[in-house]
Amino acid sequence: LHLSTVLKYIKHKLVSCVGWTTAEELYSCSDDHQIVKWNLLTGETSQIVKLPDDIYPIDLHWFPKSLGIKKQTQAESFVLTSSDGKFHLISKLGRVEKSVEAHCGAVLAGRWNYEGTALVTVGEDGQIKIWSKTGMLRSTLAQQGTPVYSVAWGPDSEKVLYTAGKQLIIKPLQPNAKVLQWKAHDGIILKVDWNSVNDLILSAGEDCKYKVWDSYGRPLYNSLPHEHPITSVAWAPDGELFAVGSFHTLRLCDKTGWSYALEKPNTGSIFNIAWSIDGTQIAGACGNGHVVFAHVVEQRWEWKNFQVTLTKRRTMQVRNVLNDAVDLLEFRDRVIKASLNYAHLVVSTSLQCYVFSTKNWNTPLIFDLKEGTVSLILQAERHFLLVDGGGIYLYSYEGRFISSPKFPGMRTDILNAQTVSLSNDTIAIKDKADEKIIFLFEASTGKPLGDGKLLSHKNEILEIALDQKGLTNDRKIAFIDKNRDLYITSVKRFGKEEQIIKLGTMVHTLAWSDTCNILCGLQDTRFTVWYYPNTVYVDRDILPKTLYERDASEFSKNPHIVSFVGNQVTIRRADGSLVHISISPYPAILHEYVSGSKWEDAVRLCRFVKEQTMWACLAAMAVANRDMTTAEIAYAAIGEIDKVQYINSIKDLPSKESKMAHILMFSGNIQEAEMVLLQAGLVYQAIQININLYNWERALELAVKYKTHVDTVLAYRQKFLETFGKQETNKRYLQYAEGVKQMHEVLKEWERSP
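- For the protein chain, the name recorded in an unreviewed UniProt entry is Intraflagellar transport protein 80 homolog, with Canis lupus dingo as its organism.
- The UniProt entry for the protein chain carries this comment under Function (unreviewed entry): "Component of the intraflagellar transport (IFT) complex B, which is essential for the development and maintenance of motile and sensory cilia."
- Under the UniProt heading Subunit (unreviewed entry), the note attached to the protein chain is "Component of the IFT complex B, at least composed of IFT20, IFT22, IFT25, IFT27, IFT46, IFT52, TRAF3IP1/IFT54, IFT57, IFT74, IFT80, IFT81, and IFT88. Interacts with IFT88. Interacts with IFT57 and IFT70B."

Here is the structure:
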């Protein structure tokens, strides 16, 4: 990524703040008491407001746009804070609607919350105040002895982050809630920003460093000291990038902290940075009276042998590395988002969406967009998903609209690739209001899956991913929770509660392969591949044998998996460099054979490769598909003799149902096994499997319910107690034993009588 910067100059003195209304229009204010509107299309500037000579503007923030139902295409008013202790509510046309006495000394910052229902201001007097939309004081949130230089709302608008000298403080609006405070810099902190999509915090200080924190105050990135204090930081709206401003310096960084680009424009100190709404450009307020504009270009996407680069705002270059063929793609409007996967390139511009096939770059499919700014594009093999401020839309690669899933309280502005997942038949979305919940939708209709039950977990969920291949009924979702544990569960939720099973611990990032259901993840210091995650549902004991692990210390700390295409995994290290890992191609071939029920080929492949992991995967796959002959060969190959014997005993069973029941028991599905037997009328077998598993309560319950074999159950229980030299303590057994004894006595009496 690079920045192409342009300095624009009008007779401004020191520019203190800037703010975008649309992607082509910017307002700036400066120490010459005026607010100027810039039109970037025509290059014109015009004065909007001239403030009195004793008032210096300090901070400006536009009222948020998307307000539920009333969609405004652009912001209509802004708050301006000034050096005389007031803030002013000013309309787009420059009419001062209201001026409010707010602080003693200058009001150093003012910020609307995401809903536009409250305004927070901070001042030299060390006070943090919350105001209503119309400028009425609601509360003084906090006060301290030092000036508060910067403030930011938390993603849910329920907490406020502000500076206190070298400390950062997060204070919830609720009274008596816990306040979080930590020392963040060695110098005074000048600027903070908190992103609503990734929930990360930026801070900039006079110690010439910028830092990235999570919302618990844990440090994620710490920059090297620069030559000059860092005067501004700002997140891009989607939380993937941030910009940093200092003296004659503008930086573009990845959310993990490493730097994409460094520009040295002649700006003086950059006091304030604003991103345009679509996240494609930056404006900076410069100390020497300029306004600096920068465009994010040179963004790059890769898939197999194709490399696509955004060379200019409206031009992409496609390169096929196999034959060095180069295609140029021209667009009518500027490119906002793009995604390259599954042999398609999807590009959204400010007004349209283009779909290219990698087989033909000349004739894209083009359709108009409803809302405009697309914040996320996700692709699956059959279709792709667009997310914008108004909703979530699923389209086919032919450009046909398929569905638009919705749920109550859905906020699309904060969704990203970690919190939405797409497969050929399912859409999964993590809820923001309750982070323990995942919503599941049928892709073709946009309606909730199955009986509409949500997937809920005991902890907050951080990242979700649907597997991409196989049958709809077997669709699985993997997710990482707040404790960094990795879980897997089935997406289909009919009546019975699906098990959520733990696959691993300390997992930081995960990805499913696009060609078969193989999962990879970075675990603490290891790179792990789960060749057949479904093993946990079939035979949990052999899961460790189906894994591939290698040391991951070469990726340094906090690496991230970018993609998993075919047998190639791409990982981005914390310093921004990409590392490619190839994994064995054989498990994918095995998946292919098994999905086509080519069991003999699968066995032949395993014999050729001679690897424990392959045999273990085949064993689990065979049991999952009820092919016990193959399972027996595979278990024998990994030396699981007890299981081989059990499979042998299953083969000799007389009826189809009892075989089926014992296969289910093999995988630990006791209830299902019992159900199969009862439905087939094999009551005694159902009782017997409970006796064999020492489920005494259930065995007796069945015997009593079906009025059969009660004495058999009692006899087995008696034998069991005698073996361990114990007395009967179970009330139900005592009761029935007594009943049977009385019955025997009655029978004896009856026999005796003539």
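After that view, the rundown keeps rolling.
## Section: unusual backbone geometry
Most of the time, phi is negative for any residue but glycine, and the peptide bond is trans.
Next, step 1: Phi at His 33 takes a positive value of approximately 70°, unusual for a residue other than glycine.
Next, step 2: Along the chain, His 33 falls in the loop between strand E3 (25-30) and strand E4 (34-39).

## Considering the side chain of Ser 157
Next, step 1: Residue placement: Ser 157 occurs in the loop between strand E14 (151-153) and strand E15 (159-164).
Next, step 2: Taking relative accessible area as the criterion, Ser 157 reaches 8% and is therefore assigned buried.
Next, step 3: In this structure the side chain of Ser 157 is engaged in a polar contact, spanning 3.3 Å, whose partner is the backbone nitrogen of Tyr 114.
Next, step 4: At a separation of 2.9 Å, a polar atom in the side chain of Ser 157 contacts the side chain of Glu 115.
Next, step 5: Those residues in contact with Ser 157 that sit more than four places away from it in its chain are Asn 113, Tyr 114, Glu 115 and Leu 173.

## Remarks on the pattern of salt bridges
Next, step 1: All told, the structure shown has 35 salt bridges when counted by the stated rule.
Next, step 2: We note a salt bridge from Arg 111 to Asp 59, for which the minimum N-O separation is 3.4 Å. Of the two residues, Arg 111 sits in strand E10 (residues 107-112) while Asp 59 sits in strand E6 (residues 57-62), which places them 52 residues apart along the sequence.
Next, step 3: Since its relative accessible area comes to 21%, Arg 111 is described here as partly exposed.
Next, step 4: Glu 640 is the salt-bridge partner of Lys 545, the closest N and O atoms lying 3.0 Å from each other. One end of the pair, Lys 545, is in the loop between helix H1 (535-538) and strand E52 (547-551); the other, Glu 640, is in the loop between helix H5 (628-637) and helix H6 (641-651), with 95 residues separating them in the sequence.
Next, step 5: Take Glu 640: its relative accessible area is 15%, and that puts it in the buried class.
Next, step 6: Here the salt bridges do not stand alone but share partners, grouping Asp 539, Asp 541, Lys 545, Glu 640 and Lys 643 into one network.

## Considering helix H8 (residues 670-679)
Structural remark: α-helix, 3.6 residues per turn; residues separated by three or four positions point the same way.
Next, step 1: Of all the residues in H8, the buried ones are Ala 673, Glu 674, Val 676, Leu 677 and Leu 678.
Next, step 2: Elements in contact with the buried residues of H8: helix H7 (656-666), helix H9 (683-692) and helix H10 (696-705).
Next, step 3: Trailing H8 by a residue or two, Gly 681 shows a phi angle of about 80°, which is positive.

## A word on H9
Next, step 1: Burial analysis of H9 places seven of its 10 residues in the buried class, which makes it a mostly covered element.
Next, step 2: Where H9 is concerned, the buried positions are Val 683, Ala 686, Ile 687, Gln 688, Ile 689, Asn 690 and Ile 691.
Next, step 3: Residues of H9 that are buried make contact with H7, H8, H10 and helix H11 (710-723).
Next, step 4: Downstream of H9 by a residue or two, Tyr 694 has a phi angle that is positive, lying close to 60°.

## Considering the packing of H7 against H8
Next, step 1: Put simply, H7 and H8 touch, their axes get as near as 8 Å, and they point 170° apart. As far as their axial angle goes, H8 and H7 are roughly antiparallel. Judged by residue contacts, Glu 657, Ser 658, Met 660, Ala 661, Leu 664 and Met 665 of H7 engage Glu 672, Ala 673, Val 676 and Leu 677 from H8.

## Let's talk about the nonpolar core
Side chains of nonpolar character tend, in soluble globular proteins, to be buried together.
Next, step 1: Formed by 48 residues in total, the largest nonpolar core has its most connected members in Phe 527, Val 569, Leu 590, Leu 618 and Tyr 635.
Next, step 2: Element by element, the count of residues in this core is highest for helix H4 (residues 612-624), at 10 residues.
Next, step 3: Residues contacting Phe 527, with those up to four places away along its chain left out, are Cys 520, Gly 521, Leu 522, Tyr 548, Glu 549, Arg 550, Ala 552, Phe 555, Val 569, Ile 571, Ile 581 and Ile 583.
Next, step 4: Membership of the second largest hydrophobic core comes to 22 residues, among which are Ala 673, Ile 689, Ala 703 and Tyr 733.

## Digging into the sheet that holds strand E46 (residues 476-481)
Next, step 1: Overall, antiparallel pairing links the four strands, which are arranged E45-E46-E47-E48 in an open sheet. The two strands at the open ends of the sheet, each matched to only one other strand, are strand E45 (461-466) and strand E48 (500-504). Strand-to-strand, the axes of this sheet are offset by a mean angle of 30°, without reference to chain direction.
Next, step 2: Sheet topology places E46 next to strand E47 (residues 486-490); five bridges connect them, and they run antiparallel. Bridged to Ala 478 within E47 is Ile 488.

## Focus: the state of the cysteines
Next, step 1: Taken as a whole and assessed by the stated rule, the structure comprises zero disulfides.
Next, step 2: Here Cys 208 stays free of any disulfide, with the sulfur of Cys 253 as its closest cysteine sulfur at 15 Å.

## Focus on the pairing of strand E20 (residues 210-213)
Next, step 1: Of the two faces of E20, the one lined by Tyr 210 and Val 212 and the one lined by Lys 211 and Trp 213 are each fully buried.
Next, step 2: With four bridges joining them, strand E19 (residues 201-205) and E20 adopt antiparallel strand pairing. Among the inter-strand pairings, Ala 204 is bridged to a residue of E20, identified as Tyr 210.
Next, step 3: Between E19 and E20, which pair antiparallel and follow one another directly, the connecting turn spans four residues, one of which, Cys 208, has a positive phi of 65°.
Next, step 4: Between E20 and strand E21 (residues 219-222), which pair antiparallel in sequence order, lie five residues; one of them, Gly 217, sits at a positive phi of approximately 80°.

## Concerning the sheet that holds strand E44 (residues 455-456)
Next, step 1: Pairing in this open sheet of four strands is antiparallel, and the strands run E41-E42-E43-E44 from one edge to the other. Looking at the sheet topology across the chains shown, the edges are occupied by strand E41 (420-422) and E44.
Next, step 2: Summarising the sheet, strand E42 (residues 426-430) and strand E43 (residues 437-442) pair through five bridges and their orientation is antiparallel. Bridge pairing in E43 links Thr 426 to Glu 442.

## Regarding the packing of aromatic side chains
Next, step 1: A full pass over the atoms with the stated rule returns 33 aromatic pairs.
Next, step 2: An aromatic cluster is defined as three or more aromatic residues linked by ring pairs; in this entry it consists of Phe 306, Phe 331, Tyr 354, Phe 356 and Trp 361.
Next, step 3: Positioned above the aromatic ring of Tyr 537, the side-chain terminus of Lys 476 is 5.1 Å from the ring centre.
Next, step 4: Positioned above the aromatic ring of Tyr 733 is the side chain of Arg 717, whose terminal nitrogen or guanidinium carbon lies 4.8 Å from the ring centre.

## A short note on the UniProt feature "domain: IFT80/172/WDR35 TPR" (unreviewed entry) in the protein chain
Next, step 1: Here the UniProt-annotated "domain: IFT80/172/WDR35 TPR" (unreviewed entry) positions come out as residues 614-746.
Next, step 2: In this annotation, residues 614-746 is assigned 77% helix and 0% strand; the end-to-end C-alpha distance for the span is 63 Å.

## What to know about the packing of H11 against helix H12 (residues 731-752)
Next, step 1: As a packed pair, H11 and H12 sit with axes 11 Å apart at the nearest point and diverge in direction by 120°. The two elements H11 and H12 cross, and the hand of that crossing is left-handed. Contact with H11, carried on its side by Val 713, Leu 714 and Arg 717, involves Tyr 733, Tyr 736, Ala 737 and Val 740 of H12 and no other residues of that element.
Next, step 2: Each residue belonging to the contact of H11 with H12 can be placed in one class, and the counts come to six nonpolar, no polar and one charged.

## Concerning the side chain of Thr 121
Next, step 1: Mapped onto the secondary structure, Thr 121 falls in strand E11 (residues 118-123).
Next, step 2: At 2.8 Å, the side chain of Thr 121 and the side chain of Trp 131 are in polar contact.
Next, step 3: Beyond its immediate chain neighbours, meaning those up to four positions away, Thr 121 contacts Phe 87, His 103, Val 107, Ala 109, Gly 110, Gln 127, Ile 128, Lys 129 and Trp 131.

## Brief notes about the environment of Leu 543
Next, step 1: Take Leu 543: it is sitting in the loop between H1 and E52.
Next, step 2: Residue class for Leu 543 comes out buried when judged on its relative accessible area of 10%.
Next, step 3: Apart from the residues lying within four places of it in its own chain, the contact partners of Leu 543 are Leu 503, Trp 530, Thr 535 and Val 536.

Calculation rules
Residues numbered from 1 in each chain as written. Predicted model: local features only at pLDDT ≥ 70, side-chain atom pairs only at ≥ 80, totals over all residues. Heavy atoms only, no water. UniProt positions renumbered as here; feature names shortened; annotations may be inferred. Helix = DSSP H or I, 4+ residues; strand = E, 2+ residues; numbered from the N terminus. Buried < 20%, exposed > 50% of the residue type's maximum accessible area, 1.4 Å probe, protein only. Polar contact = N/O pair within 3.5 Å; in protein donor to acceptor, adjacent residues only side chain to side chain. Contact = heavy atoms within 4.5 Å. Salt bridge = Lys/Arg side-chain N within 4 Å of Asp/Glu carboxyl O. Axes fitted to C-alpha atoms, helices over the stretch in contact; angles between N-to-C directions. Parallel < 35°, antiparallel > 145°, perpendicular 65-115°, else oblique. Core = buried A, V, L, I, M, F, W, Y, C linked by side-chain atoms within 4.5 Å. Pairing = 2+ DSSP bridges. Disulfide = S-S within 2.5 Å. Phe/Tyr/Trp six-rings, centres within 6.5 Å; stacked < 30°, edge-to-face > 60°. Lys NZ or Arg CZ within 6 Å of the ring centre and 35° of its normal. Left-handed = near helix turned anticlockwise from the far one by under 90°. Nonpolar A, V, L, I, M, F, W, Y, C, P; charged D, E, K, R; others polar.

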